[in-house]
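Each chain, written out:
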Amino acid sequence: MVLLIIRGDSYEKIKNAIADVHRHAKLTILGKPRIMVPEAADEILEHIVGDIKKPCKKACLVRIEENAPRAIDRIRKIHPPAHIVIVSERHEPYFYLLEDLPKMPLLKGYYKSKNLDNSEEDAEDIKS
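What comes next is a walk through the structure. Everything numeric in this text was worked out from a predicted model, so none of it was measured.

### Topic: the side chain of Arg 34
Position of Arg 34 among the secondary structure elements: in strand β2 (residues 29-36). One buried charge, Arg 34, has no salt-bridge partner; the nearest side chain with opposite charge is Asp 100, at 11 Å. With residues up to four places along the chain from it excluded, the contact list for Arg 34 reads Ala 59, Cys 60, Leu 61, Leu 101, Pro 102, Met 104, Pro 105, Leu 106 and Leu 107.

The following block contains the structure:
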């Protein structure tokens, strides 16, 4: 399991990015996305990658089932409308975020699309 911190200018862009992660990157979202304090998201990003160019206005936290290398590879291909930071168990903030996750408010207005059955997924893969 990996955590995604999604940073953006608005919750609409964040919700679109989550939908892209689910639909186009085909990553399995676990539970419901949670609203995160933007300053905390910036601080974690700074801890992971160093300096940040621009602070975010809104942020959210999402759990996904896949491992970090697979998530990085798939997200890199889709170019979502928000900045996504992947936090795995090798990053120090990971366990603190897992602890705080149940305390964070739910991101309202995001609903997972219904899962396609395998035959529809196969047909979609053939088209692309």
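### Notes on the packing of aromatic side chains
This model, assessed by the stated rule, comprises one aromatic pair. Taking 5.0 Å as the distance between ring centres and 90° as the angle between the ring planes, the aromatic pair formed by Tyr 94 and Phe 95 counts as edge-to-face. The exposure class of Tyr 94 is buried, given its relative accessible area of 5%.

### Considering the sheet that holds strand β4 (residues 83-87)
Ordered in space as β2-β3-β1-β4, the four strands form an open sheet in which the pairing is antiparallel. Both edges of this open sheet fall to β2 and β4, since each of them pairs with a single strand only. With strand direction ignored, the average angle separating the axes of adjacent strands in the sheet is 20°. Here β2 runs beside strand β3 (residues 58-64); their pairing, made up of five bridges, is antiparallel. Across the sheet, Ile 29 pairs through a bridge with Ile 64, a residue of β3. In the packing of helix α1 (residues 11-23) onto the sheet, the strands contacted are β1 (2-8), β2, β3 and β4, and the crossing angle to β3 comes to about 20°. Seen against the sheet, helix α4 (residues 93-100) touches β1, β2, β3 and β4 and runs at an angle of roughly 80° to β1.

### A closer look at the nonpolar core
Ranked by internal contacts, the top residues of the largest apolar core, which has 23 residues, are Leu 4, Ile 6, Ile 18, Val 62 and Ile 64. A per-element tally of this core places α1 first, with five residues. Setting aside residues no more than four positions away along its own chain, Leu 4 makes contact with Val 21, Cys 60, Leu 61, Val 62, Ile 64, Ile 75, Ile 84, Val 85 and Ile 86.

### Comments concerning unusual backbone geometry
Phi is positive for Lys 26, close to 55°, though the residue is something other than glycine. Topologically, Lys 26 is positioned in the loop between α1 and β2. Even without a glycine there, the phi angle at His 79 is positive, about 50°. With respect to the helices, strands and loops of the structure, His 79 is situated in the loop between α3 (68-78) and β4.

Parameters at a glance
Residues numbered from 1 in each chain as written. Predicted model: local features only at pLDDT ≥ 70, side-chain atom pairs only at ≥ 80, totals over all residues. Heavy atoms only, no water. Helix = DSSP H or I, 4+ residues; strand = E, 2+ residues; numbered from the N terminus. Buried < 20%, exposed > 50% of the residue type's maximum accessible area, 1.4 Å probe, protein only. Lys, Arg positive; Asp, Glu negative; His and termini not counted. Salt bridge = Lys/Arg side-chain N within 4 Å of Asp/Glu carboxyl O. Contact = heavy atoms within 4.5 Å. Phe/Tyr/Trp six-rings, centres within 6.5 Å; stacked < 30°, edge-to-face > 60°. Pairing = 2+ DSSP bridges. Axes fitted to C-alpha atoms, helices over the stretch in contact; angles between N-to-C directions. Core = buried A, V, L, I, M, F, W, Y, C linked by side-chain atoms within 4.5 Å.

None of the figures reported here should be taken as evidence of function without further support.
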